[in-house]
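Here's the letter readout for the chains.
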Amino acid sequence: QVRLVESGGGLVQAGGSLRLSCAASGSIFSPYRMAWYRQAPGKQRELVADITGGGSTNYADSVKGRFTISRDNAKNTVYLQMNSLKPEDTAVYYCNGPNNVWGQGTQVTVSS
């Protein structure tokens, strides 16, 4: 069973940047799709970005051009680089991996 642990969240001003990391335990990381989701208060969890085992990426329209997802298979880690952050990016960000395993989430708060 894969276990996912997110880190890198925090408080940042609008226009700032953060990089989230999701470290996966276990040896089944590399072939699998990994994804970042987020959930703001009172809203449904939504897909932010995902990346296949081969490195193909997909982004929500709201983050295209600002966020970049990447992975390091040697380190069993997936990243989310978030630039030009907006207050509407405020949410708990979750990592999702093989067998629909979820991390515990990391809070991102963007102040105006």
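Residues numbered from 1 in each chain as written. Predicted model: local features only at pLDDT ≥ 70, side-chain atom pairs only at ≥ 80, totals over all residues. Heavy atoms only, no water.

*Asks:* Which parts of the structure should I look at to understand the state of the cysteines?
*Replies:* Should the sulfur atoms of two cysteines be covalently bonded, the bond is a disulfide. Going through the model one piece at a time under the given rule, you end up with one disulfide. Each disulfide pairs two cysteine sulfurs, and for Cys22 the partner residue is Cys95, the sulfurs being separated by 2.1 Å. Across the S-S bond linking Cys22 and Cys95, the dihedral sits near -85°, which makes this disulfide left-handed. In this pair, Cys22 sits in strand β3 (residues 18-24) while Cys95 sits in strand β9 (residues 91-97), placing the two residues 73 residues apart along the sequence. Both residues of the pair, Cys22 and Cys95, belong to the buried class. (Disulfide = S-S within 2.5 Å. Helix = DSSP H or I, 4+ residues; strand = E, 2+ residues; numbered from the N terminus. Buried < 20%, exposed > 50% of the residue type's maximum accessible area, 1.4 Å probe, protein only.)

*Asks:* Which parts of the structure should I look at to understand unusual backbone geometry?
*Replies:* Trans peptide bonds make up most of the peptide bonds, and negative phi angles are found at most residues other than glycine. With a phi close to 60°, Asn99 is a non-glycine residue in the positive phi region. In this fold, Asn99 is placed in the loop between β9 and β10 (101-102). Overall, the relative accessible area of 63% leaves Asn99 in the exposed class. Non-glycine residue Asn100 carries a positive phi angle of around 60°. Within the secondary structure, Asn100 sits in the loop between β9 and β10. According to the relative accessible area criterion, Asn100 is exposed, its value standing at 51%.

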